[in-house]
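# Overview (structure and organization)
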Amino acid sequence: MNAHQTNTSKQGNNGKLKIALAGNPNSGKTTLFNALTGLNQQVGNFPGVTVEKKSGSTTLKGGDRQSIKVELTDLPGAYSIYPKSLDERVQCDILVNTTHDDHPDLVIYVADASNLKRSLFLCTQLIDLGLPLVLVLNMMDLVEKEGDNIDHQELEKELGVPVILMSARSSMGLDELKTKMLGEIGQSQKRFIDEAEIETPVIRKIQKIENVGVYQAFQLASNYALLSDERVKAEIEKIVDESRFNALQYQRQETLARYKKINLLLTHILRHGPEGQTKLTQKLDNILTHKVWGFAIFLGVLFMVFQAIFSWSEYPMMLLEEFFVILSTKLKSILPEGVLADLLVDGVLAGLSGILVFIPQIALLFFFIAILEDTGYMARVSFIMDKMMRKVGLNGRSVIPLVSGVACAVPAIMSARTISNWKERIITIMVTPLMSCSARLPVYTLLISLAVPSKTVLGFLNLQGIVMMGLYLIGFLAAIGAALVLKWIIKARERSYFIMELPVYRAPRWSSIGLTITEKVKLFVFEAGKVIIAVSIVLWVFSSYGPSSKMQAIEDKYSTEQAAAQYTPEEIDSRIASEKLEASYAGLFGKAIEPVIRPLGFDWKIGIALFTSFAAREVFVGTMATIYSAGNEENTTSIREKMRAEINPGTGEKQYNLAVVFSLMIFYAFAMQCMSTLAIVFAETKSWKWPLVQFTYMSALAYLSSLIVYQVLS
Amino acid sequence: MLGIGEIGVIDSFEDEELSLKFLEMGCLPGETIELERIAPMGDPIAIRVGKSSLCMRKAEAAGITVKFVENGR
């Protein structure tokens, strides 16, 4: 072992052994990761769906070592050690750079056994790096189906690493893997490539200085720019510059030499059966990427998804809504009257229920997105959409972030990492938040129910569903428009390319889809819930209290005998409540910004909600619930009924008429009202410039569009 | 350039930048490729190399020089 491999950081800060899962995209790494750790995470079928680092821990039982807790990291899928996109760089950095915090003690290499040649390419690169490795031949079920035969014992001997047969969709081979892993740690291994083929004076020089193996020296020469150790980086940079080392040419040479050796190896370990069985994928592709049917099916799928989200969730949502009405009435009657009861029911519960009723819709949305990714259909969508996307400065791969943006812009923006071209990636990031995310869904649902009747048109279509789909469509069109503008503004840094694999179609893995939905809903409830409870409490305080002189004046006004003669006691209570809300701090704030939003048709109550929505858009519903609860002692009607009954004091007509509702929906469709999105854009672009640009252009777009909608409709 | 269903053998790469990417994905000189399908709008295309189906834009595919053409179907 050499100096680089025996460094102290290997066992990490907590002393746990580190194991990394590596492999090509779509090799089933993530499914194996789930099986080993039981940790929930997204499993997709699109190349490069694992764009972020995911870790979990598992316990291994080994003879004399007894049970040892190890830390597992699921690396992003890659085809080689030479990075070409951001997520491949993550993988390269961790594996080549021995001083990296996540540099593993052992690599589990997951190979798609039905495509052995290409899988072995990266595998043998890792072996040559001197990384202890266990090779998992995954998807053995496919190999058997095709009638191929792999001599895995011979493969084991040739590579010098344990080979385990597995089919990640069943649990075959899992125990064998668990017992063999520990034995491999710290094992020095054979090298695969002929080191003489890549050895040059430059490599020898680096080897001498850094005290590393031939292939490691070769990697240092190719990838030194990634190193975090500044001293080593400077040294290698000097050597490389002096000798005019042409990394690309050497990498090409290495690739050819390596494949030559792999081909040779395969001639005696792989026996092909009769013609393969990829025919089903071919037949499906003939339809799904067809000139006419391809687009028609894609639109049809989107349409069905939205119809299903809207109609399937109607009944469970109604039940939840009723449940919360009953709960708040019950709580009011049980709890002793006072500030605490008001805070709990009108503040916390009102805000929380406003959001929890949307769980059915959010679960359905994530369900459909997970299926589309898991089956491999999403990759075909990229394929048929690339040309169109390119016209507006995007890439076929931008379809994934855009479609995922319908769920949540935060993971969607992260998935844009698979786009290797900087300009296309930035444009994708900038326009993705225009896609209507699940946080807007509660807002849309509430507003649509106020202004659009629930009736059936053309025999089977729900009118509310159509308006909903229209809003999503407007978001999409705005994203395309914005992309087109950005295409002219942003200067390109490098050429764009679109080379990716079309994976074989597979049946969705239901258990992993189930995990995905559970995880996303949990995240939504807890993450959004935290913010919503906090905002609800603050709001309740601000909308229940105000300058004391004014509040007292209202009490005094209605405690006169004249008032008592004029109104019934109920009327007095209701008048006091609504006048108090108007005089409260929240009311004062809303009034202060009213002149600015008045042209859009918004009153001061909406003003409060626009402000609180910046924490998260769905807070709009909670805010409305809180505002109307604070202004109304009766808690037996739902927020929807309360808003429907609201009268505009100026016109005497309904406050939430068609013009206001549509103006508000357009505002929510376009405005950048999400702190988390701005934070992730900052993290992904490493600059405040892009989140600022995004916030400014989206706000301007929202204001102008709402202005036009309201002025035209009213 | 191949037509749909036509088979060729990779000869060399004209495109310096992309050649490494192609090589890694298994497009090696001497390897047989088949033009599998063309996207609805005429671009990109999908080719079959070995066991996998790769899609790429026409401009990228133009960087692959194919030596020998026969009609596969």
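Residues numbered from 1 in each chain as written. Chains lettered and ligands numbered in written order. Predicted model: local features only at pLDDT ≥ 70, side-chain atom pairs only at ≥ 80, totals over all residues.

This next bit is on the overall build of chain B. From N to C terminus, chain B includes 2 helices and 5 strands. Order of helices (α) and strands (β) in chain B, N terminus to C terminus: β-α-β-β-β-α-β. By the compact-globule yardstick of 11 Å for 73 residues, chain B fits well, its C-alpha radius of gyration being 11 Å. The C-alpha extent of chain B, read off along each of the three principal axes, is 30 × 25 × 20 Å. A fraction of 51% describes how many contacts in chain B between residues 6 or more apart in sequence connect residues 24 or more apart. (Helix = DSSP H or I, 4+ residues; strand = E, 2+ residues; numbered from the N terminus. Rg over C-alpha atoms; globule rule 2.2 N^0.38 Å. Contact = placed C-beta atoms within 7 Å.)

Attention now moves to the overall build of chain A. When you go through chain A residue by residue, the secondary structure sums to 33 helices and 11 strands. Within chain A, the proportion of its 714 residues that are buried is 47%. In chain A, the proportion of contacts linking residues at least 24 apart, taken out of those at least 6 apart, comes to 74%. (Buried ≥ 20, exposed ≤ 12 C-beta atoms within 10 Å, placed from the backbone.)

This next bit is on the packing of helix 20 (residues 422-431) of chain A against helix 22 (residues 463-489) of chain A. Residue and element names in this part refer to chain A. At a closest axis distance of 9 Å, the pairing of helix 20 and helix 22 adopts a crossing angle of 140°. On the basis of their axis angle, the class for helix 20 and helix 22 is oblique. Classified by chirality, the crossing of helix 22 by helix 20 is right-handed. Contacts between helix 20 and helix 22 involve Ile427, Met430 and Val431 on the former and, on the latter, Ala479, Ala482, Ala483, Leu486 and Lys487. (Axes fitted to C-alpha atoms, helices over the stretch in contact; angles between N-to-C directions. Parallel < 35°, antiparallel > 145°, perpendicular 65-115°, else oblique. Left-handed = near helix turned anticlockwise from the far one by under 90°.)

This next bit is on the interface of chain B and chain A. In this assembly, 25 residues from chain B lie in contact with 32 residues from chain A. Broken down by secondary-structure element, the contributors of at least two residues to the side of chain B that touches chain A are helix 1 (16-24) and strand 4 (52-56) of chain B. Sort the elements by how many residues they give to the side of chain B that touches chain A and helix 1 of chain B lands first, with 6 residues. Each residue belonging to the side of chain B that touches chain A can be placed in one class, and the counts come to 13 nonpolar, 5 polar and 7 charged. The pairing of strand 11 (residues 500-501) of chain A with strand 4 of chain B spans 2 bridges and is classified as antiparallel. Across the sheet, the residue bridging to Glu501 of chain A is Leu54 of chain B, located in strand 4 of chain B. (Nonpolar A, V, L, I, M, F, W, Y, C, P; charged D, E, K, R; others polar. Pairing = 2+ DSSP bridges.)

Relative to the assigned elements, Met41 of chain B resides in the loop between strand 2 (32-38) and strand 3 (45-49). Along the backbone, Met41 of chain B and Leu54 of chain B are 13 residues apart, and their C-alpha atoms lie at a distance of 17 Å. The contacts of Met41 of chain B, once residues within four sequence positions are left out, are Lys387 and Met388 of chain A.

The subject of this paragraph is the confidence of the model for chain A. For chain A, per-residue confidence averages 80 on the pLDDT scale, and residues scoring 70 or more make up 90% of the total. Under a pLDDT of 50 for its full length, residues 42-51 of chain A has, in the predicted model, 45 contacts with residues more than four places off or in other chains. (pLDDT = per-residue confidence, 0-100.)

Attention shifts here to unusual backbone geometry. Between Asp43 of chain B and Pro44 of chain B the backbone carries a cis peptide bond, its omega angle lying at -10°. At Asn26 of chain A, a position not held by glycine, the phi torsion is positive, near 65°. Mapped onto the fold, Asn26 of chain A is located in the loop between strand 1 (17-23) and helix 1 (29-37). For Met139 of chain A, which is not glycine, the phi torsion reads 65° and is therefore positive. Among the structural elements, Met139 of chain A can be located in the loop between strand 5 (133-138) and helix 4 (140-145).

A few words now on the environment of Asp175 of chain A. Topologically, Asp175 of chain A is positioned in helix 6 (residues 174-184). For the pair formed by Asp175 of chain A and Phe367 of chain A, sequence separation is 192 residues and the distance between their alpha carbons is 31 Å.

Take the environment of Thr65 of chain B next. Residues and elements named next belong to chain B. Structurally, Thr65 is set in strand 5 (residues 64-71). The exposure class assigned to Thr65 is partly exposed, which follows from the 13 C-beta atoms found within 10 Å. In the structure, Thr65 is positioned 25 residues away from Pro40 in sequence and 24 Å away in space, judged by C-alpha atoms. With residues up to four places along the chain from it excluded, the contact list for Thr65 reads Asp11, Ser12, Phe13 and Glu14.

A few words on the pairing of strand 1 of chain A. All names here are of chain A. Among the 7 residues in strand 1, 7 count as buried, and that is most of the element. Burial along strand 1 is two-sided: the face carrying Leu17, Ile19, Leu21 and Gly23 and the face carrying Lys18, Ala20 and Ala22 are both buried. One ladder, built from 5 bridges, connects strand 1 with strand 4 (residues 106-112); its direction is parallel. The residue bridging Ala22 from the neighbouring strand is Tyr109, located in strand 4.

Before going further, it helps to examine helix 11 (residues 247-269) of chain A. Between its first and last C-alpha atoms helix 11 of chain A spans 32 Å; for 23 residues at 1.5 Å apiece the expected length is 33 Å, and the two agree. When helix 11 of chain A is considered as a whole, its buried residues turn out to be Gln251, Glu254, Thr255, Arg258, Tyr259 and Ile262 of chain A. Buried residues along helix 11 of chain A sit against helix 3 (116-128), helix 7 (195-198) and helix 9 (214-223) of chain A together with helix 1 of chain B. (Expected span 1.5 Å × (residues − 1).)

Turning next to the nonpolar core. Residue and element names in this part refer to chain A. In terms of nonpolar packing, the biggest core is built from 209 residues, with Tyr109, Leu126, Leu135 and Val136 touching the most fellow members. Sort the elements by how many residues they give to this core and helix 31 (residues 658-670) lands first, with 10 residues. Taken together, domain 1 (8-184) and domain 2 (534-676 + 685-713) each give at least three residues to this core, which thus spans both. Discounting chain neighbours no more than four positions away, the residues touching Leu135 are Tyr109, Ala111, Cys123, Leu159, Val161, Pro162 and Val163. (Core = buried A, V, L, I, M, F, W, Y, C linked by C-beta atoms within 7 Å. Domains from an automatic or database assignment.)

This part takes up the confidence of the model for chain B. Here chain B averages 84 in pLDDT, while 90% of its residues score no lower than 70. Overall fold confidence (pTM) sits at 0.76, and the ipTM for the predicted complex is 0.92.

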